[in-house]
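The primary structure of each chain is shown beneath.
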Amino acid sequence: RGVSYLACALVALAAWALAGNADAQIRCPDTGALVHASDAADGESACGAVADTQSFLAAQGLNASHAIEIRFVEVMPEIVAGLPVLGCYVRSEQVVYALSFEQCRTRRLPHDMVVDRSFHRALVVHEVAHRIVTANAGREPLSAVAHEYFAYVTMFATMPAAQREKVLAKIP
């Protein structure tokens, strides 16, 4: 009897821990960013992506100290439903959404791009750049083209050189 109660308690504890991981919140130590991720590796990668983005954009003269919230999801929010995106920044919520690494790996990308951990991190950098640029834009919002320019420059500038060359070589 004692063993069965212990077994039930362990099963309940394991279920509770797994449920908690589904909603895990990570406060990035160096940046203060808040990351929601069920996969600890996604959270750790996101914290590094935020630090890289803040460092790069601060060096360009932008205020990179604004609050950053990232949510890793299995399905993108309704605002981009039906679009073939792996991430987005929702201005009205001031939240970056990105597909989890595992979900990104299931997607076929143009130019035979493969989503590895490093490329997944670069996607997060891209979306965090949108958040920081939006916060710096002032009263007049930037055009979509200007936003994408900042986001892609930041993404490519923060990639390891070998990865950047590999990605650019695949794009005609």
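This write-up is about the structure you can find in this document. (Residues numbered from 1 in each chain as written. Predicted model: local features only at pLDDT ≥ 70, side-chain atom pairs only at ≥ 80, totals over all residues. Heavy atoms only, no water.)

Our focus in this paragraph is the overall build of the chain. Scanning the chain from terminus to terminus reveals 6 helices and 5 strands. For the chain, the succession of helices and strands along the chain, N to C, is α-β-β-α-β-β-β-α-α-α-α. Relative to its 172 residues, the chain shows a buried fraction of 38%. Long-range contacts, defined as pairs at least 24 residues apart, comprise 57% of the intrachain contacts of the chain with a sequence gap of at least 6. When the accessible surface of the chain is totalled, it reaches about 10100 Å², and 59% of it is carbon and sulfur. (Helix = DSSP H or I, 4+ residues; strand = E, 2+ residues; numbered from the N terminus. Buried < 20%, exposed > 50% of the residue type's maximum accessible area, 1.4 Å probe, protein only. Contact = heavy atoms within 4.5 Å. Areas by Shrake-Rupley, 256 points an atom, 1.4 Å probe, with all protein chains shown as cover.)

As a further point, take the sheet that holds strand 2 (residues 34-36). Overall, mixed pairing links the 5 strands, which are arranged 1-2-3-5-4 in an open sheet. The outermost strands of the open sheet, each flanked by one partner alone, are strand 1 (25-27) and strand 4 (87-90). Along the sheet, successive strands turn relative to each other by an average axial angle of 20 degrees, direction set aside. When strand 4 meets strand 5 (residues 95-99), the two strands line up antiparallel, connected through 4 bridges. Paired with Val90 across the two strands is Val95, which belongs to strand 5. Packing against the sheet, helix 2 (residues 40-59) makes contact with strand 1, strand 2 and strand 3 (69-73), and its axis sits at approximately 145 degrees to strand 3. (Pairing = 2+ DSSP bridges. Axes fitted to C-alpha atoms, helices over the stretch in contact; angles between N-to-C directions.)

Bringing the packing of aromatic side chains into the picture now. Counting across every chain of the model gives 2 aromatic pairs. Taking 6.2 Å as the distance between ring centres and 75 degrees as the angle between the ring planes, the aromatic pair formed by Tyr149 and Phe150 counts as edge-to-face. Between Tyr152 and Phe156 the ring centres are 6.4 Å apart and the planes differ by 25 degrees, which places this aromatic pair in the stacked class. With a gap of 4 residues between them, Tyr152 and Phe156 both fall in helix 5 (residues 144-158), about one helical turn apart. (Phe/Tyr/Trp six-rings, centres within 6.5 Å; stacked < 30°, edge-to-face > 60°.)

Let us look at the state of the cysteines. The final tally for this structure, using the stated rule, is 1 disulfide. The disulfide that involves Cys28 links it to Cys47, with 2.0 Å between the sulfurs. Taking the torsion about the sulfur-sulfur bond, which here is approximately -80 degrees, the covalent link between Cys28 and Cys47 counts as left-handed. With Cys28 in the loop between strand 1 and strand 2 and Cys47 in helix 2, the pair connects residues that are 19 residues apart, well separated along the chain. By relative accessible area, Cys47 is classed as buried at 13%. (Disulfide = S-S within 2.5 Å.)

To continue, consider the pattern of salt bridges. When the charged atoms of two side chains with opposite charge come close together, those side chains can pair. A complete count under the given rule lists 5 salt bridges for this structure. Arg121 is paired through a salt bridge with Asp52; the nearest N and O atoms lie 2.8 Å apart. Within this pair, whereas Arg121 is found in helix 4 (residues 117-136), its partner Asp52 is found in helix 2, the two being separated by 69 residues in sequence. For Asp52, a relative accessible area of 28% translates into the label partly exposed. Through salt bridges that share partners, Asp39, Asp42 and Arg117 make up one connected network. (Salt bridge = Lys/Arg side-chain N within 4 Å of Asp/Glu carboxyl O.)

Pairing geometry for strand 2 and strand 3, over 3 bridges, is parallel. The partner of His36 across the bridge, within strand 3, is Arg71. Following the backbone out of strand 2, through helix 2 and into the adjacent parallel strand 3, one traces a crossover that is left-handed. Alignment of strand 3 against strand 5, held across 4 bridges, turns out to be parallel. Bridging from a neighbouring strand, Ile70 pairs with Val96 of strand 5. (Right-handed = clockwise from strand over helix to strand, strands pointing away.)

So yeah, pure geometry; function would need other evidence.
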